[in-house]
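Listed below, chain by chain, are the residues.
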Amino acid sequence: MKNLFSVATAMSLWLVMIASAQAAGGNVAAGQAKAAVCAGCHGADGNGGADPLWPKLAGQDAEYIAKQLGDFKSGARKDPIMAGMAAALSKTDMKNIGAYYESLKAKPGAARDAQLAKLGEKTYRGGNAKMGVSACMSCHGPTGHGIPPRFPKVSGQNAAYTNRQLLAFKTGSRTNDGDIMTRIAFRMSEQEIKAVSEYMAGLH
Ligand code: HEC
Ligand code: HEC
């Protein structure tokens, strides 16, 4: 009897723990329902759409996604399309959507220009000491999978999208990064940005 009681207690504790883990981590099914309108651009499987400027979201860290949606809504990150898309989302929606996209499997991308990618690899792995640019790998990881929740996944992303973000950090039109990426990109040349974007597209 005593044993049964402790099993029951343990089980109810366990259920409470699962419930709170879901609350903290977001609900995948609820996120999927909210993300139906996003599929046209980000893909039904989260691996992007017709335009390479529409980022892939599959496998991205849930908290990073929620943060970006909050930033689009508040205007801390500016984009006319995404401002409209995020306007109606609550904080809970953003968490759930994050959990949904994180749960999707990222398809590997590819670098199209091997020579350019080779140049980019140098910056990604070693930085650029002369310019004081840190190795991207130190925060985004050797395979570009990021270090959740602070540092996003950058591997396999469309090169055109990555290139656009790095230029936006460089020119100060994207400033929702707590100063980290703006400082780094500011010191990079446009050629270096193009090369590292090409390299990251093929990272997996
Ligand atoms: C009409 C196309 C379109 C639709 C629909 C759309 N997006 Fe986007 N999304 C974009 C574009 C373009 C960007 C890149 C903006 C930029 O360059 O900063 C983006 C960026 C994002 C990002 C940032 C990704 C990153 O790596 O930083 C997230 C997250 C996102 N969208 C989520 C959503 C969600 C969730 C929905 C649906 C509620 C949605 N999007 C609907 C076009 C779209
Ligand atoms: C000190 C840590 C750090 C280093 C080093 C670093 N990053 Fe980042 N990076 C970040 C953080 C933090 C963000 C997320 C900013 C935000 O919340 O919007 C980010 C975001 C990005 C994004 C935007 C991703 C997206 O989906 O929109 C790209 C692209 C990127 N970094 C590329 C690079 C490249 C290329 C380098 C090397 C030249 C680099 N990073 C070095 C911390 C770092």
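Residues numbered from 1 in each chain as written. Chains lettered and ligands numbered in written order. Predicted model: local features only at pLDDT ≥ 70, side-chain atom pairs only at ≥ 80, totals over all residues. Heavy atoms only, no water.

Describing the site of ligand 2
Rules: The rule for a residue being near a molecule or strand is that one of its heavy atoms must lie within 4 Å of it. Polar contacts, as used here, are pairs of N or O atoms within 3.5 Å; protein pairs need one atom able to donate a hydrogen and one able to accept it. Residues neighboring in sequence count only if both atoms are side-chain atoms. Secondary structure elements follow DSSP: runs of H or I no shorter than four residues count as helices, runs of E no shorter than two count as strands, and numbering proceeds from the N terminus. Three residue categories are used. Nonpolar comprises Ala, Val, Leu, Ile, Met, Phe, Trp, Tyr, Cys and Pro, charged comprises Asp, Glu, Lys and Arg, and polar comprises the others, including Gly. For the purposes of this description, domain bounds are those given by an automatic or database domain assignment.
Close to ligand 2 lie 28 residues, the nearest being Cys136, Cys139, His140, Tyr161 and Met181. In the environment of ligand 2, an oxygen atom lies 2.6 Å from a nitrogen or oxygen atom belonging to the side chain of tyrosine 161. Elements represented by at least two residues in the shell around ligand 2 include exactly helix H4 (62-74), helix H8 (137-140), helix H9 (159-171), helix H10 (180-186) and helix H11 (190-202). It is H9 that provides the largest number of residues to the shell around ligand 2, a total of five residues. Along the lines of polarity and charge, the residues of the shell around ligand 2 split into 17 nonpolar, seven polar and four charged. For the shell around ligand 2, the two domains that each supply at least three residues are domain 1 (27-103) and domain 2 (114-202).

Focus: the site of ligand 1
Of all residues adjacent to ligand 1, which total 22 residues, the nearest are Cys38, Cys41, His42, Tyr64 and Met82. Here tyrosine 64 contributes a side-chain N or O atom positioned 2.7 Å from an oxygen atom of ligand 1. Contact between ligand 1 and arginine 164: an oxygen atom at 3.2 Å from a side-chain N or O atom of the residue. Mapped onto the shell around ligand 1, the elements with two or more residues apiece are helix H3 (39-42), H4, helix H5 (80-87) and H9. Among the elements that take part in the shell around ligand 1, H4 stands out by supplying five residues, more than any other. Tallied by class, residues from the shell around ligand 1 come to 16 nonpolar, three polar and three charged. Taken domain by domain, the makeup of the shell around ligand 1 includes at least three residues from each of domain 1 (27-103) and domain 2 (114-202).

Quick notes on the coordination of the iron atom of ligand 1
Operational definition: Donor atoms are limited to N, O and S found within 2.8 Å of the metal ion, a distance that becomes 3.2 Å for Na, K and Ca. With water left out, some sites might look partial. Irregular is the default label, applied whenever a site is not tetrahedral (four donors, all angles between 85 and 135 degrees) and neither square planar nor octahedral (four or six donors, opposite donors over 155 degrees apart, all other angles between 65 and 115). Classification of residues uses two cut-offs on accessible area relative to the type maximum, computed with a 1.4 Å probe and protein chains only: under 20% is buried, over 50% is exposed, and between them is partly exposed.
With distances of 2.0 to 2.2 Å, the protein atoms coordinating the iron atom of ligand 1 are His42 (NE2) and Met82 (SD). Taken together, the six donor atoms surrounding the iron atom of ligand 1 define angles of 86 to 178 degrees at the centre, an arrangement classified as octahedral. In this pair, histidine 42 sits in helix H3 while methionine 82 sits in helix H5, placing the two residues 40 residues apart along the sequence. Owing to a relative accessible area of 16%, methionine 82 belongs among the buried residues under this scheme.

Some details on helix H6 (residues 91-103)
How we decide: Expected span, for any helix, means 1.5 Å times one less than how many residues it has.
End to end, H6 covers 19 Å across 13 residues, agreeing with the expected 18 Å (1.5 Å per residue, within 8%). Turning to H6, its buried residues are Asp93, Met94, Asn96, Ile97, Gly98, Ala99, Tyr100 and Tyr101.

Note that every value here comes from positions in space, so none of it alone points to a role or purpose.
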